[in-house]
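Analysis of the macromolecular model
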Amino acid sequence: MGQGRAGRHALVSATIYVEGGGSKAVDRDCRTGFKRLWEKCGFQGRLPRMFPCGSRNSAYEQFKNHVSGSDGQDFIGLLVDSEDRVSDINRPWDHLIRRDRWSKPAGADDEQALLMTTSMETWFVADRDALREKYGSQLRENVLPPPDDGYLENRSRQDVFQRLRDATNNGYEKGEKSFEVLGKLNPDALEQHLPSFRRARRILNEKLR
């Protein structure tokens, strides 16, 4: 049975290999940040197991190895930055094959590839309330890109990251601070502005049973 059919049955488990982490402390922060976000998505009691993998290539390799040894009953996901704009968010493997030269593992389908388009920082700039909570009066909102629906996901990751750094007077850093912001995000705000997040939330809601 293919992975894409797993949503039709009660799942034994759900595992997501995610780009990020790299040390025990940062891995812990990564899991905590996603746990808080997923709980606010309404996934309490059915949270996926998050495996921080460090680099995006490591996340892909671990995902691929798990899929190859799976019987297809569980949901196995890959969550990575898209790095670049995605032509069709519902065909993420087309993007990953073209950009990263990754092959789609046998038995995997498009719903298993969840993209942060174009990066996790895009999620952050979509939720101004979360940034205000974290940075307070230090935050210069006028420096951030406007959170128009669909437009944020067309911005380069370099532009989004630099604007976030400038808006926080260089207070934003990847790692511990980024996962602290992650845990403060409101998924409804992200859904409003980010089609790729809306897609990921829908898929996880269907799979996490």
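Residues numbered from 1 in each chain as written. Predicted model: local features only at pLDDT ≥ 70, side-chain atom pairs only at ≥ 80, totals over all residues. Heavy atoms only, no water.

**Let's talk about the pairing of strand β1 (residues 14-18)**
For β1, the buried fraction is high: five of the five residues fall into the buried class. Here β1 shows no split at all, with A14, I16 and V18 on one side and T15 and Y17 on the other all buried. Note: β1 against strand β3 (residues 75-81), five bridges, orientation parallel. Paired with Y17 across the bridge in β3 is L78. With helix α1 (residues 24-40) bridging β1 and the parallel strand β2 (residues 49-52), this β-α-β connection has right-handed handedness. (Buried < 20%, exposed > 50% of the residue type's maximum accessible area, 1.4 Å probe, protein only. Helix = DSSP H or I, 4+ residues; strand = E, 2+ residues; numbered from the N terminus. Pairing = 2+ DSSP bridges. Right-handed = clockwise from strand over helix to strand, strands pointing away.)

**Notes on the confidence of the model for the protein**
Here the protein shows a mean pLDDT of 92. Residues at 70 or above account for 93%. Below a pLDDT of 50 lies the segment residues 1-9, which in the model reaches 26 contacts outside its immediate sequence neighbourhood of four places, other chains included. (pLDDT = per-residue confidence, 0-100. Contact = heavy atoms within 4.5 Å.)

**Looking at the state of the cysteines**
Scanning all chains against the criterion turns up zero disulfides. No disulfide involves C41; its sulfur sits 15 Å from that of C30, the nearest cysteine. Just so you know, C53 is unpaired, no disulfide at all, and the nearest cysteine sulfur is the one on C30, 8.8 Å from it. (Disulfide = S-S within 2.5 Å.)

**Some thoughts on the environment of W123**
Within the element layout of this structure, W123 appears in helix α4 (residues 120-126). On the accessibility criterion, W123 (2% relative accessible area) is buried. Between the C-alpha atoms of W123 and L208, which are 85 residues apart in sequence, the distance is 22 Å. Not counting residues within four places of it along the chain, the set of residues in contact with W123 comprises F34, L37, M116, L182, L185, L190, L194 and F197.

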